Each structure stands twice: as C-alpha cells, then as structure tokens.
Amino acid sequence: MQNIMERYQTFRQVVDDITLMNNRFMNKVFDGNIPATQRMLRVILKNDKIKVRKVSVQQWLQNLYGHSTQLDILAEDENGTQFNVEIQRSDEGASVQRARFYCGALDMHFLDNGEKYEDLPDAYVIFITESDVFKEGRPIYNVERSINESGKAFGDGSHIVYVNAACQDDTPLGRLMQDFNCNDPAKMHYKELADRVNYFKTSKEGEIDMTDIIEAYANNKAKEVAEKAAKKMLADGMSLEAVVRYSDLSEEEVRALAAKQSA
C-alpha cells in the first residue's frame, strides 16, 4: 500500500509541477484546441485577424529522399497559411539550420504535383525557446528574407520567429510566456490556455490522459540517474564493459558519455 501511495504522490507531483514548456504537455493542451492555438498565434504575431481552422500535434512530414521530421504543433488558418510551433528547451534544438529545414519541409509538404510555385501558402516556423538563444535581450526575433542591395523584403511568404520564453514582462507576449512557465492554471492570464491546463491538472479524465506523460517523465528520470551513476563509474576508472553491465545503459550510450568526459 505504501508503494502505491508513493507512486501516486510522485504522479501528482509531476502533474502539479509540469508546465507548457514541456513539449509533451504542450501537445496535450493544444491538440485540436483551436481557441488556445488561435490566441497563442495572435499574441506572438500581433495579428488579431488570424482565424485558425484546424490544428494538429506530432504531425509527421515524410521525406522519401531524406530526413523526415515531426512537428510539435501544425495549424492552418482560413487563408491556408501554415503555422508550425516548436518548444525548444535547449539552444541546440533551435539552431538556425533547423529553422531553415522546417521551412523547406513545410514547402515540400504543401505543394502538390501540378501546382505552381506561386500557389505555395505563407508559412511560419515559430520556436518558443527556454532561454534567449541570440543573447540580444529581446523578447522576440522575427526573421525575414530581404534583398541585400536594397534592403527590400524578398516576400517569398517564409517567416521564422524565435520567442524568448525567459522574457516574461507585462506585455501580451510577456504574459503569454508567463502562462507557458506557470504550473497553476488559476494564475494564468489567457483563459483559452488556462481552461485546458486546468482539465489535465484537476479532472480524473485529465489525469488518465496524462499517464503517458508521467511514464515518459519517469523513464527520463531513470535514465538521468543511470547516466549520473555511469559518469561516476567512468570517472573512477571502471571499464566500459563493467559500466554497461551495472548501469543498464547500452554500450553506445556509455561510449558517448565516455567521449564527453574525455573531451
């Protein structure tokens, strides 16, 4: 009985602490949630005319000839404009090359055979990052192509946006980022987000829907513990074979840890 209670307490602690900066939880909140997605996009892009007509999460864009990709959020407005929103908690995950690739992936996915290039819809790739990846102290970075010689906009319909979630000032965008970092729906600013977060945090149905997130969290924590133990064993001079045997990590994972320690 004690073990069951401990497991439930751990479950409740994760549910209580989790925020929208966890991409799995964000996917739960925004999946099919047109009002919340529309509010988020309107605030980020400063455009109250955006009318989202559909939204999906974990959308695979298949590439038969190269790297396929899975998008956190993919939304479309009534004009056909495509919006891809990604949560990135590490600077490496929000590289400019990744933004470039995602733009290209959207273009390849939404231009069918026989259609003209001019039929490509406008597309936005939006990274919400835990820290200020460009280190300029700005709450948002809008990236647009332009002609170097004249400075005029290139106007190809491709847009890249980086939102700095660490900037939580008293502006519409700052309040949105407060909501993304807030674990209490009662303290969130935007009702469209708060209502769905409250469902997952307080209802029995929401708890059931959160099971996969909790399992993933537990697996990640277990791996963190194993990696910490493996690092100590490597530092103490144990062989790779012994570390693999006692840490429950794969040989590839242990070799990667060893390479990092020796770098």
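On a predicted model such as this, the values are computed, not experimentally measured, just so you know.

### What to know about the sheet that holds strand β6 (residues 158-164)
Strand order in this open sheet of six strands is β1-β2-β3-β4-β6-β5, and the pairing throughout is mixed. Strands with a single pairing partner mark the edges of an open sheet, and in this sheet they are β1 (52-61) and β5 (140-143). Neighbour to neighbour, the strand axes of the sheet diverge by 20° on average, direction disregarded. Taken together, the eight bridges between β1 and strand β2 (residues 69-77) define a ladder with antiparallel strand orientation. Bridged to V57 within β2 is I73. On the sheet, helix α2 (residues 23-30) packs against β1, β2 and β3 (82-88) and is oriented at approximately 30° with respect to β2.

### A few points about the pairing of β2
For β2, the buried fraction is high: eight of the nine residues fall into the buried class. Relative to β3, β2 runs antiparallel, the two being bridged by four bridges. Bridging across to β3, L74 finds its partner in N84. Once β2 ends, the chain turns through four residues before running back antiparallel as β3, passing G80 with a positive phi of about 90°.

### Quick notes on the packing of aromatic side chains
Evaluation of the coordinates by the stated rule reveals nine aromatic pairs. Here the aromatic rings of Y102 and F127 are separated by 6.2 Å at their centres, their planes lie at 45°, and the arrangement is tilted. Of this pair, Y102 sits in helix α4 (residues 96-109) while F127 is found in strand β4 (residues 123-129), placing the two residues 25 residues apart along the sequence. Judged by relative accessible area, Y102 falls into the buried class, the value being 3%.

### Considering α4
Between its first and last C-alpha, α4 extends 20 Å over 14 residues, near the 20 Å set by a 1.5 Å rise per residue. Those residues of α4 that are buried are in contact with β1, β2, β3, β4 and β6.

### Remarks on helix α6 (residues 191-202)
Under the 1.5 Å per step criterion, the end-to-end length of α6 is 16 Å for 12 residues, consistent within 8% with the ideal 16 Å. Burial in α6 covers these residues: L193, A194, V197, F200 and K201. Within α6, the buried residues cover an arc of 130° as seen down the axis, which keeps them to one side. Facing away from the buried side of α6 by over 90 degrees, the exposed positions are K191 and T202.

### Some thoughts on the packing of α2 against α6
Contact geometry for α2 and α6: axes closest at 9 Å, N-to-C directions at 110°. On the basis of the axis angle, α2 is roughly perpendicular to α6. The two elements α2 and α6 meet at a crossing, and its hand is right-handed. Every residue of α6 that contacts α2 at F25, K28, V29 and F30 is listed here: L193, R196, V197, F200 and K201.

The rules behind the values
Residues numbered from 1 in each chain as written. Predicted model: local features only at pLDDT ≥ 70, side-chain atom pairs only at ≥ 80, totals over all residues. Heavy atoms only, no water. Pairing = 2+ DSSP bridges. Helix = DSSP H or I, 4+ residues; strand = E, 2+ residues; numbered from the N terminus. Axes fitted to C-alpha atoms, helices over the stretch in contact; angles between N-to-C directions. Contact = heavy atoms within 4.5 Å. Buried < 20%, exposed > 50% of the residue type's maximum accessible area, 1.4 Å probe, protein only. Phe/Tyr/Trp six-rings, centres within 6.5 Å; stacked < 30°, edge-to-face > 60°. Expected span 1.5 Å × (residues − 1). Arc of directions from axis to C-beta. Parallel < 35°, antiparallel > 145°, perpendicular 65-115°, else oblique. Left-handed = near helix turned anticlockwise from the far one by under 90°.

Geometric descriptors of this kind do not, in isolation, establish any biological role.
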